[in-house]
Amino acid sequence: MSANLAALLYLASGILFILALRGLSSPETARQGNLFGMVGMAIAIVTTLFAVNLDGAGIALIVGGVAIGGGIGAIIARRIPMTAMPQLVAAFHSLVGMAAVLVAAAALYAPEAFGIANAVGDLKGLSLFELSLGTAIGAITFSGSVIAFAKLNGNMSGAPILLPARHMINIAIGAFIAVMIAFLMASGGDAKTAFWLITIAAFILGVTLIIPIGGADMPVVVSMLNSYSGWAAAALGFTLENTALLVTGALVGSSGAILSYIMCKGMNRSFISVILGGFGEDGAASASAGPQGNAKQGSAEDAAFVMKNAGKVIIVPGYGMAVAQAQHALKEMGDLLKAEGVDVAYAIHPVAGRMPGHMNVLLAEANVPYDEVFELEDINSDFSNADVAFVIGANDVTNPAAEDDPGSPIYGMPVLQVWKAGTVFFVKRSLGSGYAGVENPLFFRDNTMMLLGDAKKMTEEINKAMG
Amino acid sequence: MEAVDPTIYRLAIFVLAVFVGYYVVWSVTPALHTPLMAVTNAISSVIIVGALLAATAGVGAPPPVDGEGGEGFSRIVGTIAIILASVNIFGGFLVTQRMLAMYKKKER
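Here the structure is a predicted model, which means the values were calculated and not measured.

Undergrad: Quick rundown of the side chain of Thr96(B)? Include the residues and the values.
TA: In this fold, Thr96(B) is placed in helix α4 (residues 71-102). Under the relative-accessibility criterion, Thr96(B) is labelled buried at 1%. Apart from the residues lying within four places of it in its own chain, the contact partners of Thr96(B) are Asn34(A), Pro35(B), Ala38(B) and Val39(B).

Here's what the structure looks like:
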């Protein structure tokens, strides 16, 4: 295949990837978009296979590699529960990061194979710079994603781990990486040790960057690592002089960056303050002031009675619903209410759950039609017309202190105004504070009734009481 | 005027693609942000292109001029990278498909 034809095909695959993301603007076009993505990937792979020289061993390695990796991927994709999607995405990011490191290493050791060696078999300085960036960002993505995975999967506590002088440590590692990149470039690619030092330092940096970030900030972290994996791919797109990789890297990089921005806005935090980490400590101090007043406790029967006789019920799901796997019971509750003639809607806060769009997927899994599910800005004005707000496993995103208490650590964060509804039901395991460690004054209001217990069991009891 | 370094053209493609990405991603409905992350994961595994080059290093080529012979190493890490990227490609696209199949409209 001619190099020009190959370049055009890589361009086609890049465009198909753009269309894949474009499809996600609506659930109706999304499936077609995903198909475009698959076709784009197939074109890129087939084009490369035509461009390289294959021997028997090469074919065996490629077919074997794709079969092993593809088989594992297909099994995971089929079996993974929807509640575990944040962990899965973090794990996938780590693989992209590691692949970037490996490809950068191969490009350094065998530049001829990538067509980027000069007449004496060395790499030019610019290529060395690009592949150093590729391995550094890839390594940060890998180790950062492993930490994010461990935190999301519960192998590691979600609490921030704060090293002394952690900002200085990070700056020092960053400076070391920069010096080593310069050293590698100056050596014309012969200083292989410098490459490995860059990679190892970046692995460490990935860990030190992510461990101080607490559980509540995980949606930002996952989005940020998504972005990093894109920039790593783009850096190698420059090294490999490949349009498909360049375009994809740019798309994924900006996608992750936008999602991080949306998540930060949803928490009224600056991106910088999230990466610097440590959120949750100051809040914990103010929460120790203890509960102010008495919370009213209700039973499943009370909730069933009130909701059955309501005109409109808005359900507000949060991470607690995901943990308890309560989405199916919740959908059943919605159906029972609808059978009673009650208008049912779902309200989703942008940072509900552990990754962007987490709640929407879980509700979709439970067969809740997507046109009953609304984003914060579309539904917030409806709470005043609702008879009941049913908050299940959410807390901070409904906290009125974000609007009226300038002293609160979450002051200024956009919240769902559930308190404007006639009655607020809170399904929670205890009266404790949320992930941000902030007391929720809503628990002690007159029109609030606490339903203490496991989200799934409580919902099932309500369903029984209604039936 | 001297010829423009091809890297500049690649930089142009990259910068324009960042802008395309910016506008396309803002048009994604928030309800589909999780599938968006899964599918961006899958497409960023197009890095498999580099892995394929690495895994076939040295095939049919004259011995490298510098005689360093990093081809064996390149083929090993390339194959590992193929496995990792394949997990992502298949896993990413299939899990996206599974998620998207769940989004249904209200029956009327």
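Back to the text.
Undergrad: Report on the sheet that holds strand β5 (residues 423-428) of chain A, specifying residues and quantitative values.
TA: Residues and elements named next belong to chain A. Taken together, the six strands give an open sheet; going across it, the order is β3-β2-β1-β4-β5-β6, and neighbouring strands pair in parallel fashion. On the outer flanks of this sheet lie β3 (373-375) and β6 (448-452), each paired with one strand and no other. If you compare each strand with its neighbour and ignore which way they point, the axes differ by 25° on average. Note: strand β2 (residues 343-348) against β3, three bridges, orientation parallel. Of the residues in β3, the one forming a bridge with Tyr346 is Val373. Running over the sheet, helix α12 (residues 300-308) touches β1 (312-317), β4 (388-392), β5 and β6 and is turned about 140° from β5.

Undergrad: Could you give an account of the interface of chain B and chain A, naming the residues involved and the relevant values?
TA: On the chain A side, the residues contacting the 84 residues of chain B number 113 residues. Of the roughly 8500 Å² buried between chain B and chain A, counting both surfaces, carbon and sulfur atoms make up 76%. Inspection of the region where chain B meets chain A yields three salt bridges. A salt bridge links Arg75(B) to Asp55(A), with the nearest nitrogen and oxygen atoms 3.1 Å apart. Looking at the side of chain B that touches chain A, the elements with two or more residues in it are α1 (6-26), α2 (33-44), α3 (48-55) and α4 of chain B. Broken down by element, the side of chain B that touches chain A gets its largest block of residues, 28 residues, from α4(B).

Undergrad: I'd like a rundown of the confidence of the model for chain A, residues and numbers included.
TA: Residues and elements named next belong to chain A. Put simply, chain A has an average pLDDT of 89, and 95% of its residues get 70 or more. Averaged pLDDT values for the elements of chain A fall to 42 in helix α11 (residues 281-287) and rise to 95 in helix α4 (residues 85-109). Every residue in residues 280-290 scores below 50 in pLDDT, and together they form 10 contacts with partners more than four places removed in sequence or on other chains.

Undergrad: Describe the nonpolar core, and please don't skip the residues or the numbers.
TA: All names here are of chain A. Counting 187 residues, the largest nonpolar core has Met307, Phe390, Val418 and Ile462 as the members making the most contacts within it. If you tally residues by element for this core, the top one is α4, at 17 residues. Once residues within four sequence positions are removed from consideration, Ile462 is found in contact with Ala300, Ala303, Ala304, Met307, Met333, Phe390 and Leu451.

Undergrad: Just give me the short version of empty space enclosed by the protein, but keep the residues and values in it.
TA: Tallying each qualifying case throughout the model produces two cavities of 30 Å³ or more. Lining the second largest cavity we find Asn360(A), Leu363(A), Ala364(A), Val368(A), Tyr370(A), Val373(A), Ala31(B) and Tyr103(B). Counting residues per element, the lining of the second largest cavity draws most heavily on helix α15 (residues 358-365) of chain A, which supplies three residues. Tallied by class, residues from the lining of the second largest cavity come to seven nonpolar, one polar and no charged.

Undergrad: Can you tell me about the pattern of salt bridges, naming the residues and giving the values?
TA: Oppositely charged side chains are able to pair whenever their charged atoms sit close together. Here the structure, examined in full by the defined rule, presents eight salt bridges over all chains. Residue Glu28(A) pairs with Lys105(B) through a salt bridge whose shortest N-O separation is 3.6 Å. You can see Glu28(A) sitting in helix α2 (residues 27-51) and its partner Lys105(B) sitting in the segment after α4, one on each of two chains. The exposed category is assigned to Glu28(A), whose relative accessible area is 53%. Taking relative accessible area as the criterion, Lys105(B) reaches 47% and is therefore assigned partly exposed. For the salt bridge of Lys338(A) with Glu372(A), the shortest nitrogen-to-oxygen distance reads 2.7 Å. Pair noted here: Lys338(A) is in helix α14 (residues 327-339) and Glu372(A) is in the loop between α15 and β3, with a separation of 34 residues, a long-range link. Looking at Lys338(A), the relative accessible area reads 33%, which means it is partly exposed. On the accessibility criterion, Glu372(A) (4% relative accessible area) is buried.

So, how was this worked out
Residues numbered from 1 in each chain as written. Chains lettered and ligands numbered in written order. Predicted model: local features only at pLDDT ≥ 70, side-chain atom pairs only at ≥ 80, totals over all residues. Heavy atoms only, no water. Helix = DSSP H or I, 4+ residues; strand = E, 2+ residues; numbered from the N terminus. Buried < 20%, exposed > 50% of the residue type's maximum accessible area, 1.4 Å probe, protein only. Contact = heavy atoms within 4.5 Å. Pairing = 2+ DSSP bridges. Axes fitted to C-alpha atoms, helices over the stretch in contact; angles between N-to-C directions. Buried area = accessible area lost by both parts, 1.4 Å probe. Salt bridge = Lys/Arg side-chain N within 4 Å of Asp/Glu carboxyl O. pLDDT = per-residue confidence, 0-100. Core = buried A, V, L, I, M, F, W, Y, C linked by side-chain atoms within 4.5 Å. 1 Å grid on protein atoms, 1.4 Å probe; cavity = no way out; pocket = protein on both sides within 12 Å on 5 of 7 lines; lining within 4 Å. Points joined across faces, edges and corners; volume = space filled by probe spheres on them. Nonpolar A, V, L, I, M, F, W, Y, C, P; charged D, E, K, R; others polar.

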